[in-house]
Amino acid sequence: MTNWKKTIGRLAIAPVLAVGMAASLAAYHSAKPVVAKAAAPAPSAAPLDDNSVSALLALDNAMETLAARVTPAIVNVAVTSKTKVDDQAQAEIPDEMRRFFGPGFNFPHQPQGPQIEHGIGSGVIISPDGYIVTNNHVVDGAVDMRVTMSDRRVLSAKLIGTDPLTDLAVIKVDGHNLPSVPWGDATKLRPGQTVLAFGNPFGLRFTVTRGIVSALNRPNPSASDARKPGQFIQTDAAINPGNSGGPLVDARGEVVGINTFLISNSGTFSGMGFAIPTQIVRPTVEALIRDGKVSHGYMGLGITDVTPENAKFFDSKDNRGAIVTQVEANSPAAKAGLKVGDLITSINGHEVSDASQLQVMVGQTHPGTTIKLAVNREGKDMEVPVTLEKMGARDKGEDESASSETGKPRWGLGLGDITSDVRQQLEAPDDVKGAVVERVLPGSPADNAGLRPGDVILSVNRHQTASVSDVKKALADIPKGQDALLLVRSNGGNTFRVLHSEGA
């Protein structure tokens, strides 16, 4: 009974509590402070009407279409290469130290074998069967190449050929009906035209940047080899490390250039990227696919542009053409009678606008071909036929008898006869006889002895040498391991120089 009463009491408490809570809640609502409601945000401004920005939308659509068309033909090129022992570091070790320790001594901190390196670059497929164009410096020394396609396939690539002079290379993957991009004509480009640069900057695959043609016919920037052609396309489309070998494409989706280098104090893009134009790329690539190599024509000239400042001195009325600044001894140009100060205005009837154009036209002509140059010499017009040699053929320097067992020139000298033109350029008296130094191989005994192009070798081991053949024979007759004493005319004076044999 007691338990029943307690239960009824507990059950009765709930309604009482509920009534009390309701009363308290009503009192709170009647007494709570009034809080202002948050204001709803005003509607945002409406987007611009399509009609008012139709030109920009059309441009965007066109760029999207262009990028979608070209990107499938862009590849990432991953290269594994082996580099030889650091020749430059070895060359910095004095000869006296080398002779003291002997030829078999391994100098500390010097690499003792091939070094493995990994690099990346870009490329573009130019044919459905898998031919790819890239830069020579991307694949130089490669022992393994892997190509990543835009669909993420990774294919093994083989090297077809390279051309260090133009910095171009062709590689190939096995495939059929691959996406490809057609060739365009860079000679029709004009500053201000829209171009797109495709590639893999910093390894970020399949990047596209947009810009304009900033300038055309930029000269060769290489101080190491004046024979390299110019005519580069300058663009403000961003080109960074990793873009090398990728295409520069016009608004029609045609390849007009191959991206190759940039100019920047930081090493990254600063508004100036450069591409090799198709008038150089296409014939080079076709030769590499056909022959696996490229043979460039060579005249043996130093040339420069006609400028408004110097035009009047060369009877140039339109500031066009190429002025001869140097004639290499015994070169095709020297044999043809070209002289310093000649103004070359055309080649085979085609007008020459500047030195870069002449350089490209000669370089793309097959060795052995006779070209006809229109020349203005001191106000008189004449035609000069020049039979071209193969570029690089003269770089072998010495006779085979003067070569070392490694196949490299033993002394590192390239020699030529003292012709009348050479004598005039050197301002050498008639009684100076011997051989003129035309080339010096870096790091060679001749380089270490301080010989330079333009020096004249008068005697070898105190025996007078009257001609280039005498000098070559005298050097070749020196026993292996023995040094050579040269009497050299340099800068108007005579001095003795010692060529240290590499085996000494």
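Residues numbered from 1 in each chain as written. Predicted model: local features only at pLDDT ≥ 70, side-chain atom pairs only at ≥ 80, totals over all residues. Heavy atoms only, no water.

Here the focus is the pattern of salt bridges. Pairing between side chains of opposite charge can happen when their charged atoms approach one another. With the rule as written, the count across this model stands at 10 salt bridges. Here Arg153 and Asp151 are joined by a salt bridge, their closest N and O atoms 2.9 Å apart. By relative accessible area, Arg153 is classed as partly exposed at 40%. For Asp151, a relative accessible area of 44% gives the class partly exposed. For Glu351, the salt bridge identified is with Arg320, shortest N-O distance 2.9 Å. With Glu351 in strand β18 (residues 350-351) and Arg320 in the loop between β15 (301-305) and β16 (322-327), this residue pair connects regions lying 31 residues apart in the sequence. Owing to a relative accessible area of 34%, Arg320 belongs among the partly exposed residues under this scheme. (Salt bridge = Lys/Arg side-chain N within 4 Å of Asp/Glu carboxyl O. Buried < 20%, exposed > 50% of the residue type's maximum accessible area, 1.4 Å probe, protein only. Helix = DSSP H or I, 4+ residues; strand = E, 2+ residues; numbered from the N terminus.)

Counting 44 residues, the largest nonpolar core has Val124, Val133, Val147, Ile171 and Val281 as the members making the most contacts within it. In terms of residues, this core owes the most to one element, helix α6 (residues 278-291), which gives five residues. Residue contacts for Val124: discarding those within four places in its chain leaves Ala73, Ile74, Val75, Tyr131, Ile132, Val133, Val181, Gly245, Pro247, Val255 and Ile258. (Core = buried A, V, L, I, M, F, W, Y, C linked by side-chain atoms within 4.5 Å. Contact = heavy atoms within 4.5 Å.)

Relative to strand β20 (residues 380-387), strand β19 (residues 370-377) runs antiparallel, the two sharing eight bridges. Note that in β20 the partner of Thr370 across the bridge is Thr387. (Pairing = 2+ DSSP bridges.)

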